[in-house]
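The chain contents come next:
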Amino acid sequence: TIAGNMVPVCCGSSYRNIGVQLLLDSIVDYLPSPLDVPGSKAVVMETTETINIMPDSQDAFSALVFKIINDRHVGRLAFARVYSGKLKAGALVFNSSKNKRERVGRLLRIHAEHREEINEVAAGDIVAIIGLKDIGTGDTLCSESFPILLETIDFPQPVIQIAIEPKNQAGLDKISEALNRISAEDPTFKISYNKETGQVLLAGMGELHLEIVAERLAREFKLDFNTGQPQVAYRETIGKAAEQVTRYVKQTGGKGQFAHVVLRLEPGEGFEFVNRISQGSIPREYIPAVESGIKQALEEGVLKGYPVVNVKATLLDGSFHEVDSSEMAFRTAAFLATRDCLKKAHPRMLEPVMRLEIVSPEEYTGNIINNITNRRGKLESLEMENHTQIIRGCVPLAELFGYSTVLRSLTQGRAGFSMEFSHYAERHLAS
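A quick note: this is a predicted structure, and the numbers were derived from the prediction, not measured.

Conventions and cut-offs
Residues numbered from 1 in each chain as written. Predicted model: local features only at pLDDT ≥ 70, side-chain atom pairs only at ≥ 80, totals over all residues. Heavy atoms only, no water. Helix = DSSP H or I, 4+ residues; strand = E, 2+ residues; numbered from the N terminus. Rg over C-alpha atoms; globule rule 2.2 N^0.38 Å. Buried < 20%, exposed > 50% of the residue type's maximum accessible area, 1.4 Å probe, protein only. Contact = heavy atoms within 4.5 Å. Areas by Shrake-Rupley, 256 points an atom, 1.4 Å probe, with all protein chains shown as cover. Core = buried A, V, L, I, M, F, W, Y, C linked by side-chain atoms within 4.5 Å. Expected span 1.5 Å × (residues − 1). Arc of directions from axis to C-beta. Salt bridge = Lys/Arg side-chain N within 4 Å of Asp/Glu carboxyl O. Pairing = 2+ DSSP bridges. Axes fitted to C-alpha atoms, helices over the stretch in contact; angles between N-to-C directions.

Some points on the overall build of the chain
- For the chain, the count of helices and strands is seven helices and 26 strands.
- The C-alpha radius of gyration computed for the chain amounts to 30 Å, which surpasses the reference 22 Å derived for 431 residues by more than 25%, pointing to a less compact arrangement than a globule.
- By principal-axis analysis of the C-alpha atoms, the chain measures approximately 90 × 55 × 50 Å.
- With 431 residues in all, the chain has 39% of them scored as buried.
- Relative to all contacts within the chain whose residues are 6 or more apart in sequence, the contacts with residues 24 or more apart total 71%.
- Accessible surface, the chain as shown: approximately 24,400 Å² in total, 49% of it carbon and sulfur.

Let's talk about the nonpolar core
- In this structure, Val261, Leu265, Ile282, Val290, Ile294, Leu315 and Phe330 are the most contacted members of the largest nonpolar core, which totals 28 residues.
- Mapped onto this core, the elements with two or more residues apiece are β19 (242-250), β20 (257-267), α4 (287-298), β22 (311-319) and α5 (327-344).
- With seven residues, the single largest contributor to this core is α5.

Focus on helix α3 (residues 207-219)
- In a regular helix each residue adds 1.5 Å, so 13 residues correspond to 18 Å; α3 covers 18 Å between its end C-alpha atoms and thus fits that length.
- The complete set of buried residues in α3 reads His209, Leu210, Val213, Ala214, Arg216 and Leu217. On an axial view of α3, the arc spanned by its buried residues comes to 160°, and they lie on one face. What points out from α3, more than 90 degrees from its buried face, is the exposed set Leu208 and Glu211.
- Contact partners of the buried residues in α3: β14 (160-166), α2 (171-185), β16 (199-204) and β17 (225-228).

What about the pattern of salt bridges?
- Throughout the structure, instances matching the rule amount to 21 salt bridges.
- With a shortest N-O distance of 2.9 Å, glutamate 144 and arginine 101 are connected by a salt bridge. Placement of the pair is glutamate 144 in the loop between β12 (140-142) and β13 (148-150) and arginine 101 in strand β7 (residues 100-103), with a sequence separation of 43 residues.
- Among the ionic contacts, a cluster of salt bridges with common partners joins Glu351, Arg376, Glu399 and Arg427.

Side note on the sheet that holds β20
- Sheet architecture is open: four strands sit in the order β19-β20-β22-β21, paired in mixed fashion. The sheet terminates laterally at β19 and β21 (271-275), the two strands that pair on one side only. The mean angle between the axes of side-by-side strands here comes to 25°, regardless of whether they run parallel or antiparallel.
- Note that β19 and β20 share nine bridges and pair antiparallel. Of the residues in β20, the one forming a bridge with tyrosine 248 is alanine 259.
- Strand contacts of α4: β20, β21 and β22, with the helix running at about 150° to β21, the strand carrying the most contacts.
- Docked against the sheet, α5 engages β19, β20 and β22, running at close to 35° with respect to β20.

Here's what the structure looks like:
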């Protein structure tokens with residue numbers, strides 16, 4: 001097995017308890033023990049030297065936390081494999097991943113639902129530790145006198161998202177608490193909050209992964225919620241330069257409001273404000289209020305209410321009244337001028353475009369490329385690597401919801417993909 005001349009294969013079903021004992025026996029019989037293979041690699045923190053950690057109980061203690069479980073009776077359980085040395089209940093350990101000292105509470109040996117409390121573990125043991133406060137999956141525990149970092153677990157980035165919302169406002173805090181507990185157990189599960197759409201987004205490795213999370217929220221935490229596709233964070237921009245003259249005059253019984261601005265908007269990079277006022281036609285102290293009014297107006301576009309980006313705003317001219325002008329008047333005038341100017345400047349919608357990388361057997365390349373084209377995507381490159389096709393392209397995010405299921409059906413489950421944000425591109429409202 002070590003040489004790769006034989007690959008043991010076992011069949012069974014853990015759900016129906018078929019073949020489980022055979023699998024465990026095969027692990028003992030066919031797979032190498034830690035003594036049969038080279039030691040695990042670790043980095044000495046003081047010297048950054050790479051060393052081999054041998055499974056010797058007489059060496060300094062080291063262990064890797066590979067799983068976290070939140071238990072309702074005892075709190076957080078940290079499952080660890082001991083690579084070297086010994087650990088006693090109540091001892092102090094050093095978490096080199098977080099550079100913190102922690103005290104071990106109790107040590108448990110887990111036999112399915114049965115838990116056996118033990119006083120000491122040694123190299124080769126797998127143990128559940130109670131009492132560690134700031135611990136995460138992939139953390140290294142070691143002796144403080146010999147701080148090392150074991151090889152960390154490489155977790156892939158999530159590829160699919162769903163939106164979740166409680167059926168009533170009272171459930172929002174409960175859902176947040178439950179999601180944080182699940183996230184602490186599973187590093188491939190991510191939670192984010194989109195301020196623009198107001199949605200809580202759950203990201204995971206696939207639709208089944210997120211379905212299990214949703215089922216746990218309902219079954220374990222007794223929560224009532226709705227799930228759905230996340231909303232796309234669109235943007236708006238302008239297609240040409242436009243100018244607007246706005247006079248804001250409001251007369252009440254006492255002091256009135258007066259402001260006069262001449263504003264030009266044109267396409268740019270990000271947001272830029274230019275002050276072209278000369279000879280004091282608008283006093284200097286009112287200029288920040290003008291810029292503030294422009295920024296406020298750009299927070300909601302005139303097409304669909306999305307934020308407006310890539311605009312250069314130039315204050316060309318204006319006038320003021322010695323009594324009635326104020327910061328509020330100029331902020332309001334700039335706001336109204338910007339709104340009117342946006343309507344004349346050919347407003348356009350922008351949508352987020354994702355960079356997609358698909359790894360697939362060669363025979364499915366044609367189907368994948370056709371599907372990308374049908375999703376308004378653009379192909380960038382095709383590469384062959386170890387008889388596997390790597391397809392790279394850009395596809396609008398709005399077209400990628402549920403893509404993992406589509407890709408599985410196109411390739412009989414043999415392809416995988418990753419995606420990341422690339423850029424914003426113009427979207428025609430008719431499409």
